[in-house]
Amino acid sequence: MEFRILRKRLGIRAGSGESIAVPHPHARGLLVTLLLEEGRPVPADVLVERLADPGGAPDPAAALTRAVGAARLSLPPGRLVTENGGYRLVLDEDDDLDLSRFRALAAHARRLRASDAASAIAEYERALALWGEEPLGDLPGALDATRRALVGERGQVREELAEVRLSQGRHLDLIGPARDWVAQEPSNEHLRSLLMLALHRAGRKREALRLYEEAEDLLAPAGPGPALRRTAGQIGRDDPGLDYRPRPVLVPLPADRAADLSIDTLQASPARIYDYYLGGKDNYAVDRAAAEEIMKTVPDAPAAARANRDFLTRAVRHLAAQAGIRQFIDVGTGLPTQGNVHEIARDAAPDARVVYVDNDPVVLAHGRALLEGSPSVAVVEGDLRRPEELLADPRLNELIDLGEPVGLLLVAVLHFVHDDHDPAGLVGRLAGRLPSGSHVVVSHGYDGGMDPGDTEHSQAVYRRSKLPIYSRGPEEVARCFAGLEILDPGIVWVPQWGRPRPAPPARDPQWSHFIGAVARKP
């Protein structure tokens, strides 16, 4: 059978070539969701969450059952099976799924680009030829995030093809397609930069600079990022050092990670536990069970999560409104929620730029789908334990100018770092790369005042998850600020932090279980 999802409407053909109609829109949504898994089962509760329209069916589980029934009526028997409390679309070796071919061709092109650029270009072109104008255009609004994620994969391949063409001196071949791509993705600064370079090489400097002027208007008030500004400046002054070398390939999340937002649903995730405490919906039964288990001995856990989030809000607002910070790096960002960093910062500074960094594939998949709608926001994969590699990320450097002050946010992340990895040393290596005037924000879990038995109980739950948690007190957290000027009121329980100092909390602030501080690099 043939399955086509890289176009406006789902297309299915039997082996005989006969088209198979799937008239029910939620059945089409179900099949697309299962096709994105490329033959892996998806738990029923995950399908309910992915397919449920806000304000839609009053009983989403019943709606899923109806969608399954409608899909089975359209497909040959045995294709849509119940498995492990969910559903799986059976794909045979002879089946042809365009998304799988697209990803395989793109992966092959990436392997070839360093050794055989001509073949890499051909593979990239074959991959892009599989696409229609707009994928999944007729499906329920609940799949908007899936649609954006797919379009993001296509944009990545377009960028890589443009890079190889430019590096091979094929700038004339690039100009036509890149114009169309920039028209479809006007906020993609990297594609715009590559087109500007191609035009400049073709002797069309004025056209190249007009593209930059267009970006200034389009991206106001934030304006273009540092990478695009540098390119425009070099073109404007005919910089003899202007030479293009392809950046390292930014490989998107593999299919089994980007598409599968239900990774390890049998094991609790700290990010999803935190999401549950904040009232989010991106968590599963195993996460809710772990959260409830922790709350047996730490009943204030949800309130503590909100207190930590409120601390982040106050700190970012202070940096944007009072300290003049216009660019932020949020390391260990966690799942998107209400009041994300870029939203807070832009309340005070509309030109603020934010890069979210995490190493959790679930966080990355959600973040890229939900947060990257703005040209001033990016979500990149990075690990706090490899700070130099994190700061060298090409996408991060497109948005963040490391020669200007940065707000480095390490909120509720250092307590997941074991002493063997030297958390204070990691912060020092990150802060050491930032210029004077940068600020570092830290919050850290602290079990001071808790009953030792309660502490052990909650930490045991985290040990069963992906990341155990390590409590550290003010003296240990202070080591993370070595060489920095800690702002008043110092390292305090997070409800006590504010500039100006907030009103005293109604009860002992140690219920928050988080201490925090903000420091400035002199």
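Worth saying up front: this structure is predicted, and the values here are computed from it rather than measured. (Residues numbered from 1 in each chain as written. Predicted model: local features only at pLDDT ≥ 70, side-chain atom pairs only at ≥ 80, totals over all residues. Heavy atoms only, no water.)

Asker: Tell me about the overall build of the chain, and name the residues and values.
Answerer: Across its full length, the chain holds 21 helices and 14 strands. Long-range pairs, those at least 24 residues apart, make up 69% of the contacts in the chain between residues at least 6 apart in sequence. Carbon and sulfur atoms provide 50% of the accessible area of the chain, an area that totals close to 22000 Å². (Helix = DSSP H or I, 4+ residues; strand = E, 2+ residues; numbered from the N terminus. Contact = heavy atoms within 4.5 Å. Areas by Shrake-Rupley, 256 points an atom, 1.4 Å probe, with all protein chains shown as cover.)

Asker: Kindly report on the environment of R113, identifying the contributing residues and their values.
Answerer: Following the sequence through the fold, R113 ends up in the loop between α4 (98-112) and α5 (117-128). Note on R113: relative accessible area 13%, which makes it buried. Residues R113 and L161, 48 residues apart in the sequence, show an inter-C-alpha distance of 9.3 Å. A polar contact of 3.2 Å, which involves the side chain of R113, links it to the side chain of Y124. (Buried < 20%, exposed > 50% of the residue type's maximum accessible area, 1.4 Å probe, protein only. Polar contact = N/O pair within 3.5 Å; in protein donor to acceptor, adjacent residues only side chain to side chain.)

Asker: Lay out α4 in plain terms, naming residues and giving numbers.
Answerer: Taking 1.5 Å of rise per residue, 15 residues should cover 21 Å, and α4 covers 21 Å from first to last C-alpha, within 8% of that figure. Those residues of α4 that fall on the buried side of the exposure criterion are D98, L99, F102, R103, L105, A106, A109, R110 and L112. (Expected span 1.5 Å × (residues − 1).)

Asker: If you had to explain the sheet that holds strand β6 (residues 96-97) to someone new, which residues and values would you point to?
Answerer: Ordered in space as β2-β1-β6, the three strands form an open sheet in which the pairing is mixed. Looking along the sheet, the strands with just one partner apiece sit at the ends: β2 (11-13) and β6. With two bridges connecting them, strand β1 (residues 2-4) and β6 associate as parallel partners. The partner of E2 across the bridge, within β6, is D96. (Pairing = 2+ DSSP bridges.)

Asker: Mind laying out the pairing of strand β14 (residues 514-520), listing which residues take part and the relevant values?
Answerer: Among the seven residues of β14, six are classified as buried, and the element is accordingly described as predominantly covered. Strand direction decides the pairing type here: strand β11 (residues 439-445) and β14, joined by seven bridges, are antiparallel. Residue H444 lies in a different strand from β14, and its bridge partner there is I515. As paired strands, strand β12 (residues 485-486) and β14 are joined by two bridges and run antiparallel to one another. Counted as the bridge partner of I486 is A519 from β14. Strand direction decides the pairing type here: strand β13 (residues 492-493) and β14, joined by two bridges, are antiparallel. The residue bridging W493 from the neighbouring strand is I515, located in β14.

Asker: Give a detailed account of the pattern of salt bridges, specifying residues and quantitative values.
Answerer: For the structure shown, the criterion picks out 26 salt bridges. Residues D95 and R79 are paired through a salt bridge, measuring 2.5 Å at the closest nitrogen-oxygen approach. With a gap of 16 residues between them, D95 in the loop between β5 (86-89) and β6 and R79 in the loop between α3 (60-74) and β4 (80-83) connect regions that are remote in the sequence. Among the residues examined, D95 registers a relative accessible area of 16% and is labelled buried. Accessibility expressed as a relative area gives 9% for R79, which makes it buried. (Salt bridge = Lys/Arg side-chain N within 4 Å of Asp/Glu carboxyl O.)

Asker: Give a detailed account of the nonpolar core, specifying residues and quantitative values.
Answerer: In terms of nonpolar packing, the biggest core is built from 69 residues, with I5, I12, L30 and F102 touching the most fellow members. With sequence-adjacent residues up to four places away left out, L30 is seen in contact with L47, L51, L64, A67, V68, A71 and L80. Counting 35 residues, the second largest nonpolar core, distinct from the first, contains I329, V380, L390 and L391. (Core = buried A, V, L, I, M, F, W, Y, C linked by side-chain atoms within 4.5 Å.)

Asker: Tell me what's going on with the sheet that holds β5, and back it up with residues and numbers.
Answerer: Strands sit in the order β3-β5-β4 across an open sheet of three strands; the sheet is antiparallel. With one partner strand each, in any of the chains shown, β3 (42-43) and β4 form the two edges of the open sheet. Both β4 and β5 contribute to a ladder of four bridges, which runs antiparallel. By the bridge assignment for β5, V81 is matched with R88. Of the strands in this sheet, β3, β4 and β5 are in contact with helix α1 (residues 25-36), which crosses β5 at around 75 degrees. (Axes fitted to C-alpha atoms, helices over the stretch in contact; angles between N-to-C directions.)

Asker: Which residues make up the side chain of D98, and what values do they have?
Answerer: Locating D98 in the fold gives a position in helix α4. We note that D98 is buried and unpaired, the nearest opposite charge coming from R4 at a distance of 4.8 Å. Excluding its chain neighbours within four sequence positions, the residues that come into contact with D98 are F3, R4, I5, L6 and L130. (Lys, Arg positive; Asp, Glu negative; His and termini not counted.)

Asker: Help me get a handle on unusual backbone geometry, residues and values and all.
Answerer: In this model, D488 is joined to P489 through a cis peptide bond whose omega is 10 degrees. Within the fold, P489 resides in the loop between β12 and β13. In this structure, D238 is a non-glycine residue whose phi angle is positive, near 50 degrees. Along the polypeptide, D238 turns up in the loop between α10 (226-236) and α11 (255-258). Accessibility expressed as a relative area gives 45% for D238, which makes it partly exposed.

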